[in-house]
Amino acid sequence: MARRDATSFEAMIGRALLGDDKEKELQFIRIDCKHYAMNKMFCDCGNILDQKKIQLLKNDTDRIVAVCCDECRKTAENKLKAKDLTGLIGWTWSNWDWKTSIVHVAE
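Anyway, here's the lowdown on the structure attached to this text. Here the structure is a predicted model, which is why all the values come from computation and not from measurement.

**Quick word on the nonpolar core**
Then comes step 1: In terms of nonpolar packing, the biggest core is built from 23 residues, with L49, I54, L57 and V67 touching the most fellow members.
Then comes step 2: Among the secondary structure elements, those contributing two or more residues to this core are α1 (9–18), α2 (21–40), β1 (55–58), β2 (64–67) and α3 (70–83).
Then comes step 3: Among the elements that line this core, the one with the most residues is α2, at 4 residues.
Then comes step 4: Ignoring anything within four residues of it in the chain, the contact list for V67 reads C43, L49, I54, Q55, C72, R73, A76 and W93.

This is how it looks when you write it as structure tokens:
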């Protein structure tokens, strides 16, 4: 029997459904990273989005911005700050290995 890739959607969804709470959260973040890297494919700067290097900015309404690097991340934050009067409260950055809340206050 062939061994499944540990980063296949099937394997990741299985771990997300059967794991503990911390494992579930990590796997769902990874599923989002893989999904956006596969579907968007390119960052606004032209670089290819890699599933393990992609950075996702999400809000509570599931709006997602996908970028390739820290420089593009800062650019995306500044664009959204200009549009979002709440100062990005409720938005979070995540990548393959971490998730951090943005707690900017409106200026």
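**Some thoughts on the pairing of β2**
Then comes step 1: The pairing of β1 with β2 spans 4 bridges and is classified as antiparallel. Note on β2: the bridge partner recorded for K58 is I64.

**Examining the pairing of β1**
Then comes step 1: Side chains Q55 and L57 project from β1 onto one buried face, and the interleaved L56 and K58 project onto a second face that is buried too.
Then comes step 2: The loop that links β1 with its antiparallel partner β2 comprises 5 residues; one of these, D62, has a positive phi angle of about 65°.
Then comes step 3: Pairing between β1 and strand β3 (residues 92–94): 3 bridges, direction antiparallel. Along β3, the bridge assignment pairs L56 with S94.

**Things to note about the layout of surface pockets**
Then comes step 1: Its boundaries defined by the atoms lining it, the largest pocket holds a volume of some 200 Å³.
Then comes step 2: Every residue along the wall of the largest pocket is listed here: C43, D44, C45, R63, V65, V67, C72, T75, A76, K79, L80 and K83.
Then comes step 3: The set of elements that each furnish at least two residues to the lining of the largest pocket consists of β2 and α3.
Then comes step 4: When residues in the lining of the largest pocket are grouped by element, the largest group, 6 residues, is from α3.
Then comes step 5: Among the residues making up the lining of the largest pocket, the classes are represented as 7 nonpolar, 1 polar and 4 charged.

**Focus on the side chain of N59**
Then comes step 1: Note that N59 resides in the loop between β1 and β2.
Then comes step 2: Of the polar contacts made by the side chain of N59, one reaches the backbone nitrogen of R63; its length is 2.9 Å.
Then comes step 3: What N59 contacts, discounting residues up to four positions off in sequence, is G90 and W91.

The rules behind the values
Residues numbered from 1 in each chain as written. Predicted model: local features only at pLDDT ≥ 70, side-chain atom pairs only at ≥ 80, totals over all residues. Heavy atoms only, no water. Core = buried A, V, L, I, M, F, W, Y, C linked by side-chain atoms within 4.5 Å. Buried < 20%, exposed > 50% of the residue type's maximum accessible area, 1.4 Å probe, protein only. Helix = DSSP H or I, 4+ residues; strand = E, 2+ residues; numbered from the N terminus. Contact = heavy atoms within 4.5 Å. Pairing = 2+ DSSP bridges. 1 Å grid on protein atoms, 1.4 Å probe; cavity = no way out; pocket = protein on both sides within 12 Å on 5 of 7 lines; lining within 4 Å. Points joined across faces, edges and corners; volume = space filled by probe spheres on them. Nonpolar A, V, L, I, M, F, W, Y, C, P; charged D, E, K, R; others polar. Polar contact = N/O pair within 3.5 Å; in protein donor to acceptor, adjacent residues only side chain to side chain.

Limitation: the analysis is restricted to geometry and does not speak to function.
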